[in-house]
Amino acid sequence: MKSGNAGPQNGSKPAPATRPRLRALLVEDNSADAELVVRELKRGGFDVSSETAQTPEQFRAKLRPNRPDVVLADYNLGQWRGMDALEILRQEHLEDIPLILVSGALGDVTAVECIKRGATDYVLKDSLARLPVSIRRALHEREVSEERKLVQSELAKKAEELARSNRDLEQFAYVASHDLQEPLRMVAAYTQLLAEKYRGKLDEEAEKYIHYAVDGATRMQTLIQDLLAFSRAGRDGMPTAPASSGEIVERALQNLEGALRDSHAIVNYGGLPTIIANAGQMQQVFQNLIGNAIKFRGPETPVIDVAADRVGGEWQFSVADNGIGIAPEHAANIFVVFQRLHTREEYPGNGIGLAICKKILERHGGRIWVESQAGQGTIFKFTLPAAAAEPQADAAIPQPLAAAAAG
Amino acid sequence: MLLVDDNPADIDLTHNALSRTPFSLHISSVPDGAEAMALLCRTGKYKDARPPDLVILDLNLPRKDGRAVLSEVKSSPQLRKTPVIIFSTSQASRDIGRSYELGANSYVCKPGNLQDYISAIMHIGNFWLGCAHLPHQEEQ
């Protein structure tokens, strides 16, 4: 039998232009068997360079400097076993090299055991023709798995970079807003003092200039405070815990006491569930939504309904009002920072409340949207993921809160 | 009264606010904590200074910060009876808690808008000068 044969044995097909190179490390104490294996590999179309190891020490030594592409191991070599080679590969951190058992009859149970323990495949010595196919499949699988590992590690790196970039941005926004407040306080205070000191002593033009300056400065103060609130909202790593959404709504209503009284608004809430959330942030959400419902009221007494429904794995909350409504074409815009649909004279505010709600809810893994028509009231809906072992909602009886009923 | 603040604009604002109270006041001001201690201990150029009846103290000061001044004043047998009001933009609960721990007589956050600033200073003046009784300061 010639060795080192360059062409295929069958037909007059020309030899392939390039044969894939294969570096094989054989674990075999029978040189005749080893030769048979190498010949089969060449027949299978590989450009083979092979080494043979008969003892564990030889095996370990031959793993470097040239890594084998594949290890072909006999099952039983007297003093040691082919599966021991697998262990050595692991110790050398080379467990991605496929190990194929090439052996006499093993028995299904043993064969399956070996594969479970990490052998890539096994081929019977009297069916060696299978070997090239098995090797090709093993090499292909390794390529795929390496590609996938690469992609995963790139993804993890990108995610980490993104998280860090987000933290940096939030930190920057917080520091900037904080540090901007001090000089702004100076501008605002002293323009107001100017206005006060020279009231009535300046001509109309000058009074107007001072008025614009004061107005600009005070508006900027509110803007920066809003930015600060926005950068604090739903910050990375805020703690969450089980909380009663009913109690959170109550605290929000306490903060809205003045507006509730002035508008004679009625707020219904009841049967609200326990949620897993950051209570302070969720209070902001309810305060913003209910506050908006009161602010953008129509001619009738505002009636606001807060409710929650279990939809699949989520709680779907709704805050519904009978106010002025929102035309559908504006529905997406209202959640953008500083976007407003009305002038400051019509309704006060900076346009940051809904952007804050959206940020907080998204950080909780939920989302928020609006259903409304101009002139027909508005329903804001948002979702929060429900916890696994879901406790029941508290009191099913609606609890109307008539703020001015007592008069 | 002694005002300790490194921002001259705030010193002026406080003067302005105090002038709206009915009290006739002698107001000194220093821009940092080292000067504040020198004045309170009547050392160097301050050896003839009148001991203040009330101190309004900012926290973030150069050379020696307000926390150190507070600590030194409230641990000195001669100085600690002098009421010290912390007046600072910091709303950090850490700063507030620590100030009271060190013996601050009260902590007032500097408000952001003019009206509230003036109002806060007037409250402080009206309370300490009009309502509370101040300890007698010996002229040694």
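Residues numbered from 1 in each chain as written. Chains lettered and ligands numbered in written order. Predicted model: local features only at pLDDT ≥ 70, side-chain atom pairs only at ≥ 80, totals over all residues. Heavy atoms only, no water.

(A) Representation of the overall build of chain B in the model. For chain B, the count of helices and strands is 5 helices and 5 strands. In chain B, the order of α-helices and β-strands from amino to carboxyl end is β-α-β-α-β-α-β-α-β-α. Across chain B, the fraction of contacts at a sequence separation of at least 24, relative to all contacts at a separation of at least 6, is 65%. (Helix = DSSP H or I, 4+ residues; strand = E, 2+ residues; numbered from the N terminus. Contact = heavy atoms within 4.5 Å.)

(B) A look at the overall build of chain A. Each helix and strand in chain A was counted, giving 10 helices and 15 strands. Taking all 407 residues of chain A together, the buried fraction comes to 38%. Sequence-distant contacts, at least 24 apart, represent 71% of the contacts inside chain A between residues at least 6 apart. Of the accessible surface of chain A, which amounts to about 23,100 Å², a share of 53% is contributed by carbon and sulfur atoms. (Buried < 20%, exposed > 50% of the residue type's maximum accessible area, 1.4 Å probe, protein only. Areas by Shrake-Rupley, 256 points an atom, 1.4 Å probe, with all protein chains shown as cover.)

(C) Spatial organisation of unusual backbone geometry. Residue Pro65(A) is reached from Arg64(A) by a cis peptide bond, and omega for that bond is 0°. Its place among the elements puts Pro65(A) in the loop between α2 (56–61) and β3 (70–73). Unlike most non-glycine residues, His264(A) shows phi in positive territory, near 55°. Looking at the element boundaries, His264(A) is found in the loop between α8 (257–263) and β9 (266–269). In this model, Arg42(B) sits at a positive phi of 55°, which is unusual for a non-glycine residue. As for its placement among the helices and strands, Arg42(B) is situated in the loop between α2 (33–40) and β3 (55–57).

(D) Seen up close, the packing of helix α9 (residues 279–295) of chain A against helix α10 (residues 353–363) of chain A. Residue and element names in this part refer to chain A. One can describe the packing of α9 onto α10 by two numbers: an axis separation of 9 Å at closest approach and a directional angle of 145°. Between α9 and α10 lies a crossing whose hand is left-handed. Contacts from Gln281, Met282, Gln284, Val285, Asn288, Leu289 and Asn292 in α9 reach Gly353, Leu354, Ile356, Cys357, Ile360 and Leu361 in α10. The residue inventory of the contact of α9 with α10, partitioned by class, reads 8 nonpolar, 5 polar and no charged. (Axes fitted to C-alpha atoms, helices over the stretch in contact; angles between N-to-C directions. Left-handed = near helix turned anticlockwise from the far one by under 90°. Nonpolar A, V, L, I, M, F, W, Y, C, P; charged D, E, K, R; others polar.)

(E) Just the nonpolar core, in detail. Residue and element names in this part refer to chain A. Met282, Ile290 and Phe382 are the most contacted members of the largest nonpolar core, which totals 44 residues. Per-element accounting of this core gives the leading share, 7 residues, to α9. Non-local contacts of Ile290, meaning those with residues more than four positions away in its chain, are made with Val249, Leu253, Leu256, Val267, Ile304, Val306 and Val319. If you look at the next biggest cluster of nonpolar residues, it comprises 24 residues, including Ala73, Tyr75, Trp80 and Leu94. (Core = buried A, V, L, I, M, F, W, Y, C linked by side-chain atoms within 4.5 Å.)

(F) Structural view of the sheet that holds strand β2 (residues 28–30) of chain B. All names here are of chain B. If you trace the 5 strands from one edge of the open sheet to the other, you get β2-β1-β3-β4-β5, paired in parallel fashion. Lying at the two open borders of the sheet, with one neighbouring strand each, are β2 and β5 (106–109). Across the sheet, the mean angle separating the axes of adjacent strands is 20° when strand polarity is ignored. Here strand β1 (residues 2–4) pairs with β2 via 3 bridges, running parallel. What sits directly across from Leu3, in β2, is Ser29. (Pairing = 2+ DSSP bridges.)

(G) Local environment of the pattern of salt bridges. Enumeration according to the criterion identifies 30 salt bridges over all chains in this entry. One salt bridge connects Glu28(A) with Lys125(A), and the closest N-O pair in it is separated by 3.0 Å. Placement of the pair is Glu28(A) in the loop between β1 (21–27) and α1 (31–43) and Lys125(A) in the loop between β7 (121–124) and α5 (130–197), with a sequence separation of 97 residues. Accessibility expressed as a relative area gives 5% for Glu28(A), which makes it buried. Here Glu35(B) makes a salt bridge to Lys45(B), at a shortest N to O gap of 3.1 Å. Here Lys45(B) lies in the loop between α2 and β3 and Glu35(B) lies in helix α2, a separation of 10 residues in the sequence. (Salt bridge = Lys/Arg side-chain N within 4 Å of Asp/Glu carboxyl O.)

(H) The pairing of β1(A), seen in detail. Residues and elements named next belong to chain A. The buried count for β1 comes to 5 of 7 residues, which makes it a mostly enclosed element. Pairing of β1 with strand β2 (residues 47–53) involves 7 bridges; the strand directions are parallel. Each bridged residue has a counterpart across the sheet, and for Arg23 the counterpart in β2 is Ser49. With respect to chirality, the unit in which β1 leads through α1 into the neighbouring parallel β2 is right-handed. (Right-handed = clockwise from strand over helix to strand, strands pointing away.)

(I) Structural view of the side chain of Thr21(B). All names here are of chain B. For Thr21, the location among the structural elements is in the loop between α1 (8–18) and β2. Given the relative accessible area of 7%, Thr21 is considered buried. At a separation of 2.6 Å, a polar atom in the side chain of Thr21 contacts the main-chain carbonyl oxygen of Leu18. Aside from chain neighbours lying at most four places away, what touches Thr21 is Met122 and Asn126. (Polar contact = N/O pair within 3.5 Å; in protein donor to acceptor, adjacent residues only side chain to side chain.)

(J) Structural view of the environment of Ile121(B). Counting through the fold element by element, Ile121(B) comes out in helix α5 (residues 114–131). Each C-alpha atom, one on Ile121(B) and one on Thr21(B), is 9.3 Å from the other, the two residues being 100 residues apart in sequence.

(K) Region of the structure containing the interface of chain B and chain A. With 15 residues of chain B at the interface, the matching set in chain A holds 9 residues. Carbon and sulfur atoms make up 50% of the area that chain B and chain A hide from each other, which totals about 930 Å². The largest share of the area that chain B buries against chain A comes from Leu13(B), Gly112(B) and Leu114(B), three residues that together contribute 43% of it. Taken together, the connections running from chain B to chain A amount to 2 salt bridges. Among the ionic pairs, Arg185(A) bridges to Asp10(B), the shortest N-O distance being 2.7 Å. Run the count over chain B and chain A and you get 6 residue pairs in polar contact (both at pLDDT 80 or more). (Buried area = accessible area lost by both parts, 1.4 Å probe.)

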